[in-house]
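Listed below are the residues making up each chain.
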Amino acid sequence: MRATVIHAPGDIRVEDVPEPKILEPTDAIIRTVVTCVCGSDLWAYRGLDPVAQPQPMGHEYVGIVEEVGSDVTSVKPGQFVIGSFATSDNTCPNCRNGYQSNCVHREFMSTCQAEYVRIPQAQGTLVATAEHPAEEFLPSLLTLSDVMGTGWYAARAAEVRPGSTAVVVGDGAVGLCGVIAARELGAERIIAMSRHESRQRLALEFGATDIVTERGEEGIARVKELTDGVGADSVLECVGTEQSMQQALRSTRPGGNVGFVGVPHEVAIDGQELFFSHVGLRGGPAPVRGYLPDLIDRVLTGRINPGKVFDLTLPLEQVAEGYRAMDERRAIKTLLKP
């Protein structure tokens, strides 16, 4: 089959690799219908995550079940399925407590920019739709595998409530999906921090009420100005840098909450500053699996359309251009058709 492999920073190739096989009775094999490039894939592409040897890429997927292991009864061949970027048995204590992305059997998916994918812990990881969805729904359903589910978790972790004010730090796909989540959870005011006109337009379409273009101390000051000097009730940190984390923490009012879902890179938090701020902080890999049934329903009923974050569609063979376009910020997110 054809699959994406990174050989070194900036070196993305599509190569012939062996088709996956059932290795454990809890596995399933799916034929990928659509997949995509994630902003977090750019950490390795830019050399900020090490690439010691060639490795497959991709952790977002929807597809058709081809084969299941003997222990898998929740899905069957021929069904259309969506799964999380983090596998889960959905029965362990962490899963039952709502943190499937910290399942005791967790594996992080990493082979999904390919024609076929092996899904470990398929019984707990995959959710089937009642029927094969129309093509128009595919981009939005694909976002549920990561970016929409992650934006949802950012809003939940930040404790967005009806009538509240939320700030979204980051205008990538996760941040834009965080705007949708904040709106769906009832935020009355949603401040999106973005310097890019096309992303600002999409943020406004998704429900943002204000745009802040400033960053760092100027961005914090602007948020304070918009919130009568107090700060926001909830801040969604969707980047993962030192600057974005500081911007999030210092834009939050005392007693407010930050939900951080950007994978941290060189982020340091001053314990004393956090202590005296009275700001709550929660984050981590999003427990996407727990949100899938609800989010699938919101997509298929037309309530949300997060698939609009895909502004570039390419065949899998042109995946390298998809990475380049996102790295150069010519695209928000690249959808790939195997």
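Small disclaimer: the values here were computed from a predicted structure and weren't measured. (Residues numbered from 1 in each chain as written. Predicted model: local features only at pLDDT ≥ 70, side-chain atom pairs only at ≥ 80, totals over all residues. Heavy atoms only, no water.)

Student: Quick question: what am I supposed to make of the pairing of strand β3 (residues 28-36) here?
Tutor: Moving residue by residue along a regular strand, the side chains alternate between the two faces of the sheet. By the criterion of burial, β3 is predominantly enclosed, with seven of the nine residues buried. One ladder, built from seven bridges, connects β3 with strand β5 (residues 61-68); its direction is antiparallel. Bridged to Ile29 within β5 is Glu67. In terms of strand pairing, β3 meets strand β7 (residues 116-119) through four bridges, oriented antiparallel. Counted as the bridge partner of Arg31 is Tyr116 from β7. As paired elements, β3 and strand β16 (residues 334-337) share two bridges and run antiparallel to each other. Its bridge partner lying in β16, Cys36 is registered against Leu335. (Buried < 20%, exposed > 50% of the residue type's maximum accessible area, 1.4 Å probe, protein only. Helix = DSSP H or I, 4+ residues; strand = E, 2+ residues; numbered from the N terminus. Pairing = 2+ DSSP bridges.)

Student: Is there a simple way to explain helix α7 (residues 197-206) in this structure?
Tutor: Along an α-helix, a turn takes 3.6 residues, which lines up residues three or four apart on a common side. Listed as buried for α7 are Arg199, Gln200, Leu202, Ala203 and Phe206. Looking down the long axis of α7, one finds its buried residues gathered within 165° of arc, a one-sided arrangement. Residues of α7 that are exposed and point more than 90 degrees away from the buried face comprise Glu197 and Arg201. Its buried side turned inward, α7 meets α6 (173-184), β10 (189-193) and β11 (210-212). Backbone geometry just downstream of α7 places Gly207 in the positive-phi region, at approximately 130°. (Arc of directions from axis to C-beta. Contact = heavy atoms within 4.5 Å.)

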